[in-house]
Amino acid sequence: DLFPSECQSCWKPLPMTPDPSAQRYQTFELQPVTPLTVEYRVHGVACECGYKTHGPHDQVPVLQFGPRLSAVVAVLTGAYHLSRRRAVNLLSDLVGVRISTGSVSNIEARVSADVKPAVEEAWARVGEAPVKHTDGTSWYQAGLLLSLWTIATSVATVFKIVANSRRTTLELLFGEKHGVLVSDRATALKFWAMELRQICWA
């Protein structure tokens, strides 16, 4: 809170009276980011009989990287499409975490397994939706034709990369033909009954 010290007209001292319509200016800054390292020491204690007994190993975390760091790694490589090597460099430069590219791959696999139930729930909700909007786009990757299909509803949106946009492939993707399907005139979608189709006006 910044107060004027004196009047600019008569130069008399002014009290520090709060102004309800004060002019507000804000700046934003990051807090210093440092990694939190927790070390677990499993001690071995020798008995009079000469046998050394170690502390409980079951209290040592199995994973070297915690859930927050794992989530950041997954966002960097999954949502922001950084290569594993660039993700390694960014974590080192920005937050001081040193990690190998192999560890990034292991984290990706773990996170994929962890989010699988949520993904399956999203697909189930999409399948139950009374109205589904869908569209696909294709591209060549290393000479191989791939297709990305989107199914959007009022409760969830799912994406799936498939090998092609053939009818047999898409029919498996959509599962039970439930509800109204909004799409373009793609012939591969003819498996959906026309009385339950809405052709998009675009």
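Our subject is the structure that appears above.
First, a word on scope: everything that follows refers to the structure included in this document.

About the thresholds
Residues numbered from 1 in each chain as written. Predicted model: local features only at pLDDT ≥ 70, side-chain atom pairs only at ≥ 80, totals over all residues. Heavy atoms only, no water. Salt bridge = Lys/Arg side-chain N within 4 Å of Asp/Glu carboxyl O. Helix = DSSP H or I, 4+ residues; strand = E, 2+ residues; numbered from the N terminus. Buried < 20%, exposed > 50% of the residue type's maximum accessible area, 1.4 Å probe, protein only. Phe/Tyr/Trp six-rings, centres within 6.5 Å; stacked < 30°, edge-to-face > 60°. Core = buried A, V, L, I, M, F, W, Y, C linked by side-chain atoms within 4.5 Å. Contact = heavy atoms within 4.5 Å. Patch = residues over 30% accessible without salt bridge, like charges linked within 9 Å, V, L, I, M, F, W, Y side chains within 5 Å. Areas by Shrake-Rupley, 256 points an atom, 1.4 Å probe, with all protein chains shown as cover. Axes fitted to C-alpha atoms, helices over the stretch in contact; angles between N-to-C directions. Parallel < 35°, antiparallel > 145°, perpendicular 65-115°, else oblique. Nonpolar A, V, L, I, M, F, W, Y, C, P; charged D, E, K, R; others polar. Expected span 1.5 Å × (residues − 1). Arc of directions from axis to C-beta.

What follows covers the pattern of salt bridges. Applying the stated criterion across every chain yields a total of four salt bridges. Of the charged contacts, one joins R84 and E108 as a salt bridge, the two residues approaching to 2.8 Å between their closest N and O atoms. Of this pair, R84 sits in helix 2 (residues 84–95) while E108 is found in helix 3 (residues 101–128), placing the two residues 24 residues apart along the sequence. Judged by its relative accessible area of 16%, E108 is buried. A salt bridge links K177 to E171, with the nearest nitrogen and oxygen atoms 3.4 Å apart. Judged by its relative accessible area of 37%, K177 falls in the partly exposed class. One continuous salt-bridge network, built from bridges that share partners, spans R167, E171 and K177.

In this section: the packing of aromatic side chains. Any pair of aromatic rings gets described here by the distance separating the centres and the angle formed by the planes. Taken as a whole and assessed by the stated rule, the structure comprises three aromatic pairs. Ring centres of F174 and F191 lie 5.9 Å apart, and the angle between their planes is 55 degrees; this geometry places the pair in the tilted category. Note that F174 is positioned in helix 4 (residues 167–174) and F191 in the loop between strand 6 (180–183) and strand 7 (197–199), a separation of 17 residues in sequence. With respect to burial, F174 and F191 carry one shared label: buried. Where F174 meets W192, the ring centres are 5.9 Å apart and the plane angle is 75 degrees; that geometry is what we call edge-to-face. Placement of F174 in helix 4 and of W192 in the loop between strand 6 and strand 7 is noted, with a sequence separation of 18 residues between them. Per residue, the accessibility class of F174 equals that of W192, and both read buried. Taken together, the aromatic side chains of F174, F191 and W192 make up a single cluster linked through ring pairs.

Moving on: the nonpolar core. Among the nonpolar cores identified, the biggest contains 14 residues, and W149, L170, F174, L189 and F191 are the most heavily contacted of them. Put simply, the parts of the chain that give this core at least two residues each are strand 4 (144–152), strand 5 (157–162) and helix 4. Other than its neighbours up to four places away in sequence, W149 contacts T134, D135, G136, V158, F159, K160, V162, S165, L170, L173 and L189. Within the second largest apolar cluster, 13 residues are counted, among which are F65, V73, V88 and I107.

This brings us to a nonpolar patch on the surface. A cluster of nonpolar side chains, L36, V38 and Y40, forms an exposed patch at the surface whose accessible area comes to about 370 Å². Structurally, V38 is set in the segment before strand 1 (44–46). Judged by relative accessible area, which is 52%, V38 ranks as exposed.

With that settled, consider the packing of helix 2 against helix 3. Following both chains from N to C, one finds helix 2 and helix 3 inclined at 105 degrees, their axes separated by 9 Å at the closest point. With respect to helix 3, the axis of helix 2 lies roughly perpendicular. On the side of helix 2, the interface is formed by R84, R85 and V88, while helix 3 contributes T101, V104, S105 and E108. For the contact of helix 2 with helix 3, the residue count by class is two nonpolar, two polar and three charged.

Bringing helix 2 into the picture now. Look at helix 2: 16 Å from first C-alpha to last across twelve residues, which is about the 16 Å you get at 1.5 Å a residue. Here helix 2 has its buried residues at A87, V88 and L91. Summarising the axial view, the buried residues of helix 2 lie within an arc of 105 degrees, below the 170-degree limit, and thus occupy one face. Opposite the buried face of helix 2, at more than 90 degrees from it, the exposed residues are R85, R86, D93 and L94. Buried residues in helix 2 make contact with helix 1 (67–79) and helix 3. Of the residues one or two after helix 2, G96 is the one with positive phi, at around 75 degrees.

Another point: unusual backbone geometry. The backbone phi angle of W11 is positive, close to 65 degrees, even though this residue is not glycine. Even without glycine at this site, H81 takes up a positive phi of about 60 degrees. One can find H81 in the loop between helix 1 and helix 2. The exposure class assigned to H81 is exposed, which follows from its relative accessible area of 65%.

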